[in-house]
Amino acid sequence: GQQVMQIPQYQHVQEGEDFTTYCNSSTTLSNIQWYKQRPGGHPVFLIQLVKSGEVKKQKRLTFQFGEAKKNSSLHITATQTTDVGTYFCAGMLAGTASKLTFGTGTRLQVTL
Amino acid sequence: GAGVSQTPSNKVTEKGKYVELRCDPISGHTALYWYRQSLGQGPEFLIYFQGTGAADDSGLPNDRFFAVRPEGSVSTLKIQRTERGDSAVYLCASSLILGVEQFFGPGTRLTVL
């Protein structure tokens, strides 16, 4: 079945440092979504990427969708303590209507 | 407006018992999804509804799990003969239409003793 892996599993940075998480799917995706889950909270939608090679920015966050639509990345510039949480990519398999397969997640810890 | 709500927030039951978990989606959202999340893992897809019908139930682990959405709004996830391995947080999400951002509820933490 479809698998979505993320690396790293965990990253600890000092506030102000950059952070990147990578997402890889075993199969081609129709689109990919990114969610953030704070400790003890529920996933909150960040963005959706649909087009091959697409790049989207939200303030300090930059999202990319690979040319082959099998990988994606999230880059945070100058992390803040409010960025703490687990970041999940979630892929929708090409040809399927709406079933999302979540990645394994990257837990980000930011300290002063 | 109100977000997705789930009840109960916590449920402790004994092995072999039957449980029902309820989800109230955002008003007007046609699509509703159920996921299960174990500690340290990503949400695992169980089933989704488009309107009243289960459009894809391929994630339900076995026939002890069943979900309904009789009027196209509220949904109930039913688990028969619970097992300790069913312990997890059960998340519900809804979206305005298929294929767009999903809004998650706070989840129901199920503990099977």
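To be clear, the structure that these remarks concern was listed above.
Residues numbered from 1 in each chain as written. Chains lettered and ligands numbered in written order. Predicted model: local features only at pLDDT ≥ 70, side-chain atom pairs only at ≥ 80, totals over all residues. Heavy atoms only, no water.

> Please set out the interface of chain A and chain B residue by residue, giving values where relevant.
Contacts between the two partners involve 16 residues from chain A, matched on the other side by 20 residues from chain B. Looking at the side of chain A facing chain B, the largest losses of area belong to A:Ser98, A:Lys99 and A:Phe102, adding up to 34% of the total buried there. Along the contact surface separating chain A from chain B lie zero salt bridges. Where chain A meets chain B, there are five residue pairs in polar contact (both at pLDDT 80 or more). Secondary structure elements with two or more residues in the side of chain A that touches chain B: β4 (29-37), β5 (44-49), β9 (85-93) and β10 (100-102) of chain A. Per-element accounting of the side of chain A that touches chain B gives the leading share, three residues, to β4(A). (Contact = heavy atoms within 4.5 Å. Buried area = accessible area lost by both parts, 1.4 Å probe. Salt bridge = Lys/Arg side-chain N within 4 Å of Asp/Glu carboxyl O. Polar contact = N/O pair within 3.5 Å; in protein donor to acceptor, adjacent residues only side chain to side chain. Helix = DSSP H or I, 4+ residues; strand = E, 2+ residues; numbered from the N terminus.)

> Got a sec to walk through the side chain of A:Gln37? Specific residues and values, please.
Mapped onto the elements of the fold, A:Gln37 is located in strand β4. Given a relative accessible area of 10%, A:Gln37 falls into the buried group. Not counting residues up to four positions away in its chain, the partners in contact with A:Gln37 are A:His42, A:Pro43, A:Gly85, A:Thr86, A:Phe88 and B:Gln37. (Buried < 20%, exposed > 50% of the residue type's maximum accessible area, 1.4 Å probe, protein only.)

> Explain the state of the cysteines to me, and be specific about the residues and the numbers.
Throughout this description, disulfide means a covalent bond between two cysteine sulfur atoms. Within the structure shown, the criterion is met by two disulfides over all chains. The disulfide that involves A:Cys23 links it to A:Cys89, with 2.0 Å between the sulfurs. Of note, the bridge from A:Cys23 to A:Cys89 carries an S-S torsion of about 80° and is right-handed in sense. With A:Cys23 in strand β3 (residues 19-25) and A:Cys89 in strand β9, this pair connects stretches of sequence that are 66 residues apart. When sorted by exposure, A:Cys23 lands in the same class as A:Cys89, which is buried. Here B:Cys23 connects covalently by a disulfide to B:Cys92, the sulfurs 1.8 Å from one another. Its torsion about the S-S bond being -65°, the disulfide of B:Cys23 and B:Cys92 is classed as left-handed. A residue pair is termed long-range when its members are at least 10 positions apart, and B:Cys23 in strand β3 (residues 19-24) and B:Cys92 in strand β9 (residues 88-95) qualify at 69 residues. One exposure class covers both B:Cys23 and B:Cys92, and it is buried. (Disulfide = S-S within 2.5 Å.)

> Explain the packing of aromatic side chains to me, and be specific about the residues and the numbers.
On inspection of all chains with the given rule, the structure shows 13 aromatic pairs over all chains. A ring pair is formed by A:Phe102 and B:Phe104, whose centres lie 6.1 Å apart and whose planes are at 80°; its orientation type is edge-to-face. Placement of A:Phe102 in strand β10 and of B:Phe104 in strand β10 (residues 103-104) is noted, with the two residues assigned to different chains. (Phe/Tyr/Trp six-rings, centres within 6.5 Å; stacked < 30°, edge-to-face > 60°.)

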